[in-house]
Amino acid sequence: MFNHVQKITKQRLLGLIGSAAITLVVCLAGQVHADEKKPRTLAEQLIHDVREGKVKANSDDAGAVQELIVRRNIPITYQTINTLMHTPNAFGPGAACATCHTGKDPAKSYRGLDLSTCKGMIEGSTEEPKRAIFQAGTDPKRDILIRRLRNNRMPLGAGFHLPSDTPNYAAVKKWIVDGAKDDEHFKKNVGPLFRKANAFGPNTPACTACHMSNQEPPSFHELNLRTHAGIMLGADSVAKGVDKATKVVIPGDLDASFLWQHLVEDRMPPGISPAENRDHPSTSILSLWIKQGAKCD
Ligand code: HEC
Ligand code: HEC
(Lines give C-alpha, C1' and ligand atoms only; values in the text may rest on other atoms or scores of the structure.)
(Ligands and ions follow the chains in the order given, each with its own letter.)
Protein backbone atom coordinates (compact mmCIF):
# COMPACT_ATOMS: atom_id res chain seq x y z
CA MET A 1 0.00 0.00 0.00
CA PHE A 2 2.68 2.40 1.06
CA ASN A 3 4.78 1.29 -1.87
CA HIS A 4 1.86 1.84 -4.22
CA VAL A 5 1.32 5.42 -3.12
CA GLN A 6 4.98 6.06 -3.52
CA LYS A 7 4.88 4.62 -7.03
CA ILE A 8 1.98 6.81 -8.08
CA THR A 9 3.61 9.91 -6.67
CA LYS A 10 6.78 9.08 -8.49
CA GLN A 11 4.90 8.57 -11.73
CA ARG A 12 3.06 11.85 -11.30
CA LEU A 13 6.24 13.62 -10.54
CA LEU A 14 7.88 12.21 -13.65
CA GLY A 15 4.82 13.25 -15.58
CA LEU A 16 5.00 16.74 -14.22
CA ILE A 17 8.69 17.04 -15.06
CA GLY A 18 7.95 15.68 -18.53
CA SER A 19 5.24 18.20 -19.28
CA ALA A 20 7.34 20.99 -17.89
CA ALA A 21 10.13 19.94 -20.25
CA ILE A 22 7.72 19.88 -23.18
CA THR A 23 6.36 23.32 -22.25
CA LEU A 24 9.94 24.60 -22.16
CA VAL A 25 10.73 23.13 -25.57
CA VAL A 26 7.54 24.66 -26.98
CA CYS A 27 8.42 28.02 -25.46
CA LEU A 28 11.94 27.89 -26.87
CA ALA A 29 10.58 26.89 -30.26
CA GLY A 30 8.21 29.86 -30.04
CA GLN A 31 11.17 32.06 -29.21
CA VAL A 32 13.15 30.85 -32.21
CA HIS A 33 10.12 31.34 -34.37
CA ALA A 34 9.62 34.89 -33.10
CA ASP A 35 13.28 35.60 -33.69
CA GLU A 36 13.02 34.58 -37.31
CA LYS A 37 10.34 37.18 -37.85
CA LYS A 38 11.98 40.04 -36.01
CA PRO A 39 15.72 40.53 -35.73
CA ARG A 40 17.03 40.78 -32.19
CA THR A 41 17.62 44.25 -30.81
CA LEU A 42 21.19 45.05 -29.87
CA ALA A 43 20.44 44.57 -26.18
CA GLU A 44 18.72 41.21 -26.81
CA GLN A 45 21.65 40.09 -28.92
CA LEU A 46 24.04 41.09 -26.16
CA ILE A 47 22.18 39.04 -23.55
CA HIS A 48 22.08 36.13 -25.96
CA ASP A 49 25.82 36.36 -26.57
CA VAL A 50 26.57 36.64 -22.85
CA ARG A 51 24.55 33.44 -22.25
CA GLU A 52 26.40 31.66 -25.04
CA GLY A 53 29.71 32.81 -23.57
CA LYS A 54 30.50 34.77 -26.73
CA VAL A 55 31.19 38.09 -24.97
CA LYS A 56 34.74 38.57 -23.81
CA ALA A 57 34.33 42.05 -22.29
CA ASN A 58 36.34 42.39 -19.14
CA SER A 59 35.44 44.93 -16.54
CA ASP A 60 37.90 47.45 -18.03
CA ASP A 61 36.94 50.26 -20.44
CA ALA A 62 39.06 48.98 -23.33
CA GLY A 63 37.43 45.55 -23.23
CA ALA A 64 33.92 46.96 -22.99
CA VAL A 65 34.47 49.40 -25.88
CA GLN A 66 35.99 46.66 -28.03
CA GLU A 67 33.23 44.18 -27.32
CA LEU A 68 30.14 46.38 -27.09
CA ILE A 69 30.95 49.15 -29.58
CA VAL A 70 33.67 48.13 -32.05
CA ARG A 71 32.68 44.49 -32.56
CA ARG A 72 29.04 45.45 -32.93
CA ASN A 73 29.91 48.30 -35.28
CA ILE A 74 27.74 50.85 -33.46
CA PRO A 75 27.47 53.96 -35.65
CA ILE A 76 29.72 56.69 -34.22
CA THR A 77 28.40 60.22 -34.69
CA TYR A 78 30.61 63.24 -35.30
CA GLN A 79 29.16 64.72 -32.11
CA THR A 80 30.97 62.00 -30.15
CA ILE A 81 34.24 62.73 -31.96
CA ASN A 82 33.79 66.46 -31.47
CA THR A 83 33.41 65.93 -27.74
CA LEU A 84 36.55 63.78 -27.60
CA MET A 85 38.55 66.44 -29.49
CA HIS A 86 37.48 69.11 -26.99
CA THR A 87 37.93 67.09 -23.80
CA PRO A 88 41.16 67.02 -21.76
CA ASN A 89 42.60 63.55 -20.99
CA ALA A 90 40.34 61.96 -23.60
CA PHE A 91 43.19 59.84 -25.05
CA GLY A 92 45.36 59.66 -21.93
CA PRO A 93 46.68 62.47 -19.70
CA GLY A 94 47.08 65.77 -21.54
CA ALA A 95 45.35 68.87 -22.89
CA ALA A 96 42.41 68.54 -25.30
CA CYS A 97 43.44 68.03 -28.95
CA ALA A 98 41.48 71.08 -30.12
CA THR A 99 43.38 73.33 -27.71
CA CYS A 100 46.55 73.09 -29.82
CA HIS A 101 44.98 72.18 -33.18
CA THR A 102 42.42 74.91 -33.20
CA GLY A 103 42.22 76.19 -36.78
CA LYS A 104 43.91 76.34 -40.17
CA ASP A 105 46.33 79.19 -39.44
CA PRO A 106 49.75 77.58 -38.84
CA ALA A 107 50.76 80.68 -36.87
CA LYS A 108 48.10 79.89 -34.29
CA SER A 109 47.45 76.16 -34.64
CA TYR A 110 50.09 73.43 -34.76
CA ARG A 111 50.56 72.12 -38.31
CA GLY A 112 47.61 74.27 -39.40
CA LEU A 113 45.57 71.27 -38.33
CA ASP A 114 42.03 72.02 -37.24
CA LEU A 115 40.76 69.26 -34.98
CA SER A 116 37.95 71.47 -33.71
CA THR A 117 35.67 70.89 -36.73
CA CYS A 118 34.74 67.90 -38.87
CA LYS A 119 35.83 69.66 -42.09
CA GLY A 120 39.17 70.49 -40.50
CA MET A 121 39.75 66.88 -39.48
CA ILE A 122 39.03 65.68 -43.00
CA GLU A 123 41.20 68.34 -44.65
CA GLY A 124 44.19 67.52 -42.42
CA SER A 125 47.40 69.53 -41.99
CA THR A 126 47.45 72.75 -44.01
CA GLU A 127 51.05 73.70 -43.26
CA GLU A 128 53.69 72.24 -45.64
CA PRO A 129 53.87 69.35 -46.08
CA LYS A 130 50.08 69.59 -46.46
CA ARG A 131 48.45 66.23 -45.95
CA ALA A 132 45.35 64.33 -44.97
CA ILE A 133 45.68 62.54 -41.62
CA PHE A 134 43.40 59.60 -42.50
CA GLN A 135 41.42 58.10 -45.41
CA ALA A 136 37.70 57.91 -44.63
CA GLY A 137 36.30 54.41 -44.97
CA THR A 138 39.59 52.57 -44.41
CA ASP A 139 41.38 51.10 -41.40
CA PRO A 140 43.41 54.05 -40.10
CA LYS A 141 45.84 52.11 -37.88
CA ARG A 142 48.88 53.19 -39.91
CA ASP A 143 47.55 56.63 -40.91
CA ILE A 144 49.00 59.79 -39.39
CA LEU A 145 46.18 60.51 -36.94
CA ILE A 146 45.98 57.10 -35.31
CA ARG A 147 49.71 56.44 -35.28
CA ARG A 148 50.20 59.77 -33.48
CA LEU A 149 47.91 58.40 -30.78
CA ARG A 150 49.47 54.91 -30.63
CA ASN A 151 53.14 55.07 -31.55
CA ASN A 152 55.69 56.10 -28.98
CA ARG A 153 58.59 58.16 -30.18
CA MET A 154 61.88 56.23 -30.17
CA PRO A 155 64.17 55.77 -28.37
CA LEU A 156 61.35 54.90 -25.98
CA GLY A 157 61.09 57.71 -23.43
CA ALA A 158 62.44 60.40 -25.80
CA GLY A 159 60.80 63.75 -25.04
CA PHE A 160 58.36 65.27 -27.52
CA HIS A 161 60.48 68.41 -27.67
CA LEU A 162 63.60 66.76 -29.18
CA PRO A 163 64.69 68.48 -32.40
CA SER A 164 64.84 66.09 -35.32
CA ASP A 165 66.96 68.23 -37.65
CA THR A 166 70.35 67.19 -36.21
CA PRO A 167 73.09 65.59 -38.39
CA ASN A 168 72.32 62.12 -36.99
CA TYR A 169 68.68 62.29 -38.07
CA ALA A 170 69.86 63.62 -41.45
CA ALA A 171 72.21 60.62 -41.84
CA VAL A 172 69.36 58.14 -41.30
CA LYS A 173 67.10 60.10 -43.64
CA LYS A 174 69.70 60.15 -46.45
CA TRP A 175 70.31 56.41 -46.02
CA ILE A 176 66.60 55.55 -46.45
CA VAL A 177 66.04 58.01 -49.31
CA ASP A 178 69.11 56.65 -51.16
CA GLY A 179 67.79 53.08 -51.06
CA ALA A 180 68.77 51.79 -47.57
CA LYS A 181 71.77 49.84 -48.86
CA ASP A 182 74.47 48.07 -46.85
CA ASP A 183 77.01 50.57 -48.18
CA GLU A 184 79.83 52.67 -46.77
CA HIS A 185 77.43 55.40 -45.61
CA PHE A 186 75.42 52.85 -43.64
CA LYS A 187 78.48 51.16 -42.13
CA LYS A 188 80.18 54.40 -41.13
CA ASN A 189 77.39 56.87 -40.37
CA VAL A 190 74.10 55.05 -39.75
CA GLY A 191 74.54 51.56 -38.27
CA PRO A 192 76.59 52.82 -35.31
CA LEU A 193 73.88 55.37 -34.37
CA PHE A 194 71.45 52.60 -33.47
CA ARG A 195 74.03 51.00 -31.17
CA LYS A 196 74.96 54.19 -29.33
CA ALA A 197 73.31 55.97 -26.37
CA ASN A 198 72.34 59.64 -26.82
CA ALA A 199 72.54 59.47 -30.62
CA PHE A 200 69.06 60.94 -31.08
CA GLY A 201 68.81 63.13 -27.99
CA PRO A 202 70.42 63.71 -24.61
CA ASN A 203 69.88 61.02 -21.95
CA THR A 204 68.36 58.50 -24.33
CA PRO A 205 69.29 54.81 -24.42
CA ALA A 206 70.74 53.10 -27.49
CA CYS A 207 68.13 51.56 -29.79
CA THR A 208 69.88 48.21 -29.37
CA ALA A 209 69.30 48.33 -25.60
CA CYS A 210 65.75 47.27 -26.49
CA HIS A 211 65.98 45.94 -30.07
CA MET A 212 68.99 43.61 -30.10
CA SER A 213 67.87 40.28 -31.54
CA ASN A 214 64.96 38.35 -33.06
CA GLN A 215 63.85 37.00 -29.70
CA GLU A 216 61.16 38.70 -27.59
CA PRO A 217 61.85 38.94 -24.73
CA PRO A 218 64.26 40.62 -24.43
CA SER A 219 64.05 42.33 -27.84
CA PHE A 220 60.87 44.39 -28.31
CA HIS A 221 58.96 43.37 -31.45
CA GLU A 222 61.69 40.82 -32.25
CA LEU A 223 63.44 43.71 -33.95
CA ASN A 224 67.21 43.53 -34.34
CA LEU A 225 68.75 46.95 -34.98
CA ARG A 226 72.30 45.69 -34.54
CA THR A 227 72.87 44.78 -38.19
CA HIS A 228 71.76 45.82 -41.68
CA ALA A 229 70.23 42.39 -42.25
CA GLY A 230 68.31 42.63 -38.97
CA ILE A 231 66.92 46.08 -39.81
CA MET A 232 65.83 45.01 -43.30
CA LEU A 233 64.25 41.79 -41.99
CA GLY A 234 61.98 43.93 -39.81
CA ALA A 235 59.80 43.26 -36.77
CA ASP A 236 58.04 40.12 -35.48
CA SER A 237 59.79 37.73 -37.88
CA VAL A 238 59.50 34.83 -35.45
CA ALA A 239 55.84 35.38 -34.51
CA LYS A 240 54.66 36.09 -38.09
CA GLY A 241 57.27 34.22 -40.13
CA VAL A 242 60.18 35.73 -42.05
CA ASP A 243 58.07 36.45 -45.16
CA LYS A 244 55.40 38.28 -43.18
CA ALA A 245 57.67 40.23 -40.83
CA THR A 246 56.71 43.93 -40.52
CA LYS A 247 59.10 45.92 -42.71
CA VAL A 248 60.36 48.93 -40.79
CA VAL A 249 62.43 50.41 -43.63
CA ILE A 250 61.05 50.76 -47.17
CA PRO A 251 64.04 51.66 -49.37
CA GLY A 252 63.56 55.09 -50.96
CA ASP A 253 60.27 55.78 -49.13
CA LEU A 254 60.93 57.83 -46.03
CA ASP A 255 57.29 58.52 -45.17
CA ALA A 256 56.33 54.83 -45.31
CA SER A 257 59.27 53.67 -43.19
CA PHE A 258 58.11 52.90 -39.65
CA LEU A 259 61.65 53.34 -38.34
CA TRP A 260 61.63 56.96 -39.52
CA GLN A 261 58.08 57.56 -38.26
CA HIS A 262 59.06 56.23 -34.83
CA LEU A 263 62.15 58.45 -34.76
CA VAL A 264 60.48 61.77 -35.56
CA GLU A 265 56.80 61.57 -34.68
CA ASP A 266 55.71 62.56 -31.18
CA ARG A 267 52.86 60.70 -29.59
CA MET A 268 49.83 62.89 -28.86
CA PRO A 269 48.96 64.60 -26.61
CA PRO A 270 52.56 65.84 -26.22
CA GLY A 271 54.30 64.69 -23.06
CA ILE A 272 52.15 61.58 -22.60
CA SER A 273 54.09 58.76 -20.94
CA PRO A 274 54.91 55.75 -23.13
CA ALA A 275 53.52 53.65 -20.28
CA GLU A 276 50.00 54.93 -21.03
CA ASN A 277 47.74 52.45 -22.86
CA ARG A 278 48.39 52.60 -26.63
CA ASP A 279 45.01 51.02 -27.26
CA HIS A 280 43.02 53.65 -25.44
CA PRO A 281 39.23 53.13 -25.71
CA SER A 282 38.84 56.61 -27.25
CA THR A 283 41.34 55.70 -29.97
CA SER A 284 39.23 52.64 -30.82
CA ILE A 285 36.13 54.84 -31.07
CA LEU A 286 37.94 57.40 -33.29
CA SER A 287 39.23 54.58 -35.53
CA LEU A 288 35.73 53.15 -35.84
CA TRP A 289 34.31 56.55 -36.88
CA ILE A 290 36.94 56.74 -39.65
CA LYS A 291 36.31 53.15 -40.80
CA GLN A 292 32.60 53.93 -40.97
CA GLY A 293 33.33 56.79 -43.38
CA ALA A 294 34.07 59.77 -41.06
CA LYS A 295 30.60 61.25 -41.49
CA CYS A 296 30.10 64.82 -40.33
CA ASP A 297 26.38 64.59 -39.50
C1 HEC B 1 49.93 70.94 -26.16
C2 HEC B 1 49.70 71.05 -27.58
C3 HEC B 1 49.17 69.84 -28.31
C4 HEC B 1 48.11 69.03 -27.97
C5 HEC B 1 47.25 69.11 -26.74
C6 HEC B 1 47.96 68.09 -29.05
N7 HEC B 1 48.88 68.31 -30.01
FE8 HEC B 1 49.05 67.31 -31.81
N9 HEC B 1 50.71 68.38 -32.27
C10 HEC B 1 51.29 69.34 -31.46
C11 HEC B 1 52.54 69.78 -32.03
C12 HEC B 1 53.50 70.79 -31.42
C13 HEC B 1 52.68 69.07 -33.26
C14 HEC B 1 53.80 69.24 -34.28
C15 HEC B 1 55.09 68.65 -33.78
C16 HEC B 1 55.10 67.17 -33.95
O17 HEC B 1 55.06 66.71 -35.11
O18 HEC B 1 55.13 66.45 -32.96
C19 HEC B 1 51.51 68.19 -33.36
C20 HEC B 1 51.27 67.32 -34.42
C21 HEC B 1 50.14 66.51 -34.54
C22 HEC B 1 49.83 65.70 -35.69
C23 HEC B 1 50.70 65.51 -36.93
C24 HEC B 1 50.12 66.17 -38.15
C25 HEC B 1 51.00 65.95 -39.36
O26 HEC B 1 50.70 66.51 -40.41
O27 HEC B 1 52.00 65.24 -39.26
C28 HEC B 1 48.65 65.06 -35.42
C29 HEC B 1 47.90 64.09 -36.30
C30 HEC B 1 48.22 65.50 -34.11
N31 HEC B 1 49.14 66.38 -33.61
C32 HEC B 1 47.07 65.06 -33.49
C33 HEC B 1 46.74 65.37 -32.16
C34 HEC B 1 45.65 64.76 -31.44
C35 HEC B 1 44.72 63.71 -31.98
C36 HEC B 1 45.63 65.33 -30.19
C37 HEC B 1 44.75 64.99 -29.02
C38 HEC B 1 44.99 63.71 -28.41
C39 HEC B 1 46.71 66.29 -30.16
N40 HEC B 1 47.35 66.29 -31.36
C41 HEC B 1 46.99 67.09 -29.06
C42 HEC B 1 50.76 69.87 -30.29
C43 HEC B 1 49.67 69.35 -29.61
C1 HEC C 1 63.58 51.40 -23.71
C2 HEC C 1 63.28 50.48 -24.78
C3 HEC C 1 63.30 50.97 -26.22
C4 HEC C 1 64.30 51.69 -26.85
C5 HEC C 1 65.57 52.25 -26.25
C6 HEC C 1 63.91 51.78 -28.24
N7 HEC C 1 62.71 51.14 -28.44
FE8 HEC C 1 61.74 50.93 -30.23
N9 HEC C 1 60.16 50.04 -29.28
C10 HEC C 1 60.09 49.80 -27.92
C11 HEC C 1 58.76 49.32 -27.62
C12 HEC C 1 58.25 48.96 -26.23
C13 HEC C 1 58.05 49.28 -28.83
C14 HEC C 1 56.56 48.88 -29.05
C15 HEC C 1 55.59 49.91 -28.53
C16 HEC C 1 55.53 51.21 -29.30
O17 HEC C 1 55.52 51.21 -30.54
O18 HEC C 1 55.43 52.24 -28.66
C19 HEC C 1 58.96 49.72 -29.85
C20 HEC C 1 58.63 49.79 -31.20
C21 HEC C 1 59.53 50.19 -32.20
C22 HEC C 1 59.24 50.14 -33.62
C23 HEC C 1 57.93 49.64 -34.26
C24 HEC C 1 58.04 48.22 -34.69
C25 HEC C 1 56.76 47.76 -35.41
O26 HEC C 1 56.44 46.57 -35.35
O27 HEC C 1 56.09 48.58 -36.05
C28 HEC C 1 60.33 50.66 -34.28
C29 HEC C 1 60.50 50.82 -35.76
C30 HEC C 1 61.29 51.02 -33.25
N31 HEC C 1 60.78 50.70 -32.01
C32 HEC C 1 62.51 51.61 -33.51
C33 HEC C 1 63.39 52.05 -32.53
C34 HEC C 1 64.57 52.85 -32.81
C35 HEC C 1 65.03 53.31 -34.18
C36 HEC C 1 65.16 53.12 -31.60
C37 HEC C 1 66.34 54.00 -31.31
C38 HEC C 1 66.26 55.36 -31.83
C39 HEC C 1 64.36 52.46 -30.58
N40 HEC C 1 63.28 51.83 -31.18
C41 HEC C 1 64.63 52.44 -29.22
C42 HEC C 1 61.11 49.95 -27.01
C43 HEC C 1 62.31 50.64 -27.23
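Okay, so let's go over this structure. (Residues numbered from 1 in each chain as written. Chains lettered and ligands numbered in written order. Predicted model: local features only at pLDDT ≥ 70, side-chain atom pairs only at ≥ 80, totals over all residues.)

It is worth spelling out the nonpolar core at this point. By size, the foremost hydrophobic cluster in this structure holds 23 residues, and its most contacted members are Val172, Ile176, Val248, Val249, Leu259 and Leu263. Where this core is concerned, the elements lending two or more residues are helix 8 (167-177), helix 9 (184-194), helix 10 (228-233) and helix 12 (258-264). Here this core gets four residues from one element, more than from any other, and that element is helix 12. For valine 172, the residues in contact, after removing those within four places along its chain, are Val190, Leu193, Trp260 and Leu263. The next biggest cluster of nonpolar side chains, apart from the first, holds 21 residues, and it includes Ala98, Leu113, Leu115 and Ile133. (Core = buried A, V, L, I, M, F, W, Y, C linked by C-beta atoms within 7 Å. Buried ≥ 20, exposed ≤ 12 C-beta atoms within 10 Å, placed from the backbone. Helix = DSSP H or I, 4+ residues; strand = E, 2+ residues; numbered from the N terminus. Contact = placed C-beta atoms within 7 Å.)

With that settled, the discussion passes to the environment of asparagine 203. When you line up the elements, asparagine 203 lands in the loop between helix 9 and helix 10. In sequence terms asparagine 203 and glycine 159 are 44 residues apart; their C-alpha atoms lie 10.0 Å from each other.

Our focus in this paragraph is the site of ligand 1. Among the 21 residues in the neighbourhood of ligand 1, the closest are listed as Cys97, Cys100, Ser125, Asp266 and Met268. At the level of elements, helix 5 (97-100) and helix 7 (144-150) are the ones that each hand at least two residues to the shell around ligand 1. A per-element tally of the shell around ligand 1 places helix 7 first, with four residues. Residues that form the shell around ligand 1 fall into these classes: 13 nonpolar, four polar and four charged. (Near = placed C-beta within 6 Å. Nonpolar A, V, L, I, M, F, W, Y, C, P; charged D, E, K, R; others polar.)

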